[in-house]
Amino acid sequence: MSLIADEIITFSSVLKISYNLLAGHNYLKRKKFREKKKLVGVSLPFSDLAFAAGAVPVFPIRMHSFKISNYLTYLGSASSFFGWNNVSNILNFVKNLGISEISEIVDDIIEDVIDTINKKYNKMYDIAIENGTSSDFCYGLKGLTGMHFSKGRNLDACLNLTIRCSAFNKYMESLNSINKDPKQIWIDIPPRNIGNALEILTDNISNAIREFENLTGNTITDNQLREHFKISNQVKKSYKTIIYDISASDFYPCNPATFSEIMSLLNITFNDYNSNSIRYRDNLISLVDEMRERIRKGIGMDVSKMPRIFVTPIFGGWEPKTHDIIYELGGRAIYADWEILKLLEEIPVANHLNPVEEYARFLLNATESGIGCDNDTLTDSYLRVAKKLNADGLIFIQLFGCHSISNCYTMLREKVRRELEIPTTAITFNKIGENVEQVKTRLGAFMEMFK
Ligand code: SF4
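Residues numbered from 1 in each chain as written. Predicted model: local features only at pLDDT ≥ 70, side-chain atom pairs only at ≥ 80, totals over all residues. Heavy atoms only, no water.

1. Here's the deal with the packing of aromatic side chains
Turning to step 1, where the next piece is worked out: A full pass over the atoms with the stated rule returns 17 aromatic pairs.
Turning to step 2, where the next piece is worked out: Plain terms: the ring middles of Phe-270 and Trp-338 are 6.4 Å apart, the flat faces sit at 35° to each other, and that makes the pair tilted. In this pair, Phe-270 is assigned in the loop between α12 (256-269) and α13 (277-297) and Trp-338 in helix α15 (residues 337-340), connecting sequence segments 68 residues apart.
Turning to step 3, where the next piece is worked out: Exposure remark for Phe-270: the relative accessible area of 2% places this residue in the buried category.
Turning to step 4, where the next piece is worked out: Here Phe-446 and Phe-450 contribute two aromatic rings whose centre-to-centre distance is 5.5 Å and whose plane-to-plane angle is 75°, an arrangement assigned as edge-to-face.
Turning to step 5, where the next piece is worked out: Relative accessible area serves as the criterion here: at 2%, Phe-446 is assigned to the buried category.
Turning to step 6, where the next piece is worked out: The ring of Tyr-27 has Arg-279 sitting right over it, with the charged end atom 4.6 Å from the ring centre. (Phe/Tyr/Trp six-rings, centres within 6.5 Å; stacked < 30°, edge-to-face > 60°. Helix = DSSP H or I, 4+ residues; strand = E, 2+ residues; numbered from the N terminus. Buried < 20%, exposed > 50% of the residue type's maximum accessible area, 1.4 Å probe, protein only. Lys NZ or Arg CZ within 6 Å of the ring centre and 35° of its normal.)

Written out as structure tokens, the structure is:
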């Protein structure tokens, strides 16, 4: 892992994103109690309306305190005196002194960011089971339910957008019985864009906006919506640059395992932008700049001989050691879930357009042609991104308990064989750390095909 830490430490933007992810507990407490902001729970990357309303969206795991946050808090304080770029330089300098205890600490920071989150995810899963959550739920839904059992009472509202997965919708319906206090704000998304679906969804969003206005006491104007969409468009643009311009290229700004680690960090934090859209936008822009700068200087790794292994979906849960194992076996793992589901599409913000209707169009497009209302559309989404990434292989994560996305693998394998002619395999997943040996064996056999 030390190589990964060595590499990651030179990305000050990664440190900032990690710090903001893990230091959420104190940040959110300050927002709620000192600044009297309303906290709104989000379960997927649908935080736009909460931001536009001046509320604070939160992916509920971030309300927990994390084991390493004290150390990162120290870094956070140092950053307010010296600036984050200098914190990164200081760490890099300290690292290069070769003092083993300090080196270990620096290594630990990075390793702990991912490990801590994963341990907490498993803990959330256990809490859900202890509280009698349906064993039919996938890992992601059990984790989310555990987050609401443990911290949901601190939320002022939950924003619930329906998607094609009936288990996901069942989970959202259960939130009211887990905690009575948070207001449940619903947006029903019609499954298909037929008839007056766009009109219905525009109305549903307008109703949700009114509920947000009641919750926050703020009026949400068209301009406020546009201003937020502009920020989120910049986030998406930077994210797409990392996916297409950098992850699919032949030279990486770091080693591929680090790169995958950064992509998994983005996958988690994109849900709520670490509760601050402007800060997150700035961090993503500087992440792209830092990556480009390193590439320009030739710092990083030639990955032209390493097959691009597209691993998906990971948002419902996957074994995070996957990318390390793939790297050790000579490949590079690429994660791009939100792009597959069309959640990285930009929202038009021209003044003559109605922003509520544009948001409805965005959600409808993601539902119908990204997530897909049927497996045929969903598998086409996987294929679209695999093609654009020029993937050399595809690994599909099949979750125990998932009766929606996971059952499309047979169709996907057939389409990949027919249209892309690249190797593909499926890995089953139940809980982090449970099946590492099996994953190793499976990946070992899969990666043999590239030798
Ligand atoms: S992984 Fe499957 S069961 Fe879980 S939320 Fe996604 S579609 Fe639903």
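2. A look at the site of the ligand
Turning to step 1, where the next piece is worked out: With respect to spatial proximity, the complete set of residues near the ligand consists of Cys-138, Leu-141, Cys-165, Phe-315, Cys-402, Ser-404 and Ile-405.
Turning to step 2, where the next piece is worked out: Applying the majority rule of atoms within 2 Å of the grid points places the ligand in the largest cavity.
Turning to step 3, where the next piece is worked out: Each residue belonging to the shell around the ligand can be placed in one class, and the counts come to six nonpolar, one polar and no charged. (Near = heavy atom within 4 Å. 1 Å grid on protein atoms, 1.4 Å probe; cavity = no way out; pocket = protein on both sides within 12 Å on 5 of 7 lines; lining within 4 Å. Sits in = over half its atoms within 2 Å of the grid points. Nonpolar A, V, L, I, M, F, W, Y, C, P; charged D, E, K, R; others polar.)

3. Regarding empty space enclosed by the protein
Turning to step 1, where the next piece is worked out: Evaluation of the coordinates by the stated rule reveals six cavities of 30 Å³ or more.
Turning to step 2, where the next piece is worked out: Looking at the largest cavity, its volume works out to about 570 Å³.
Turning to step 3, where the next piece is worked out: Lining the largest cavity are 36 residues, with Cys-138, Gly-140, Phe-315, Gly-316 and Gly-317 positioned closest to its centre.
Turning to step 4, where the next piece is worked out: Looking at the lining of the largest cavity, the elements with two or more residues in it are α7 (100-130), α8 (139-151), α9 (166-178) and α12.
Turning to step 5, where the next piece is worked out: A per-element tally of the lining of the largest cavity places α8 first, with five residues.
Turning to step 6, where the next piece is worked out: The computed volume of the second largest cavity comes to approximately 60 Å³.
Turning to step 7, where the next piece is worked out: Considering the residues around the second largest cavity, the lining is formed by Pro-45, Phe-46, Ser-47, Asp-48, Lys-236, Phe-270, Tyr-273, Leu-343 and Phe-362.
Turning to step 8, where the next piece is worked out: Its residues assigned to classes, the lining of the second largest cavity comprises six nonpolar, one polar and two charged. (Points joined across faces, edges and corners; volume = space filled by probe spheres on them.)

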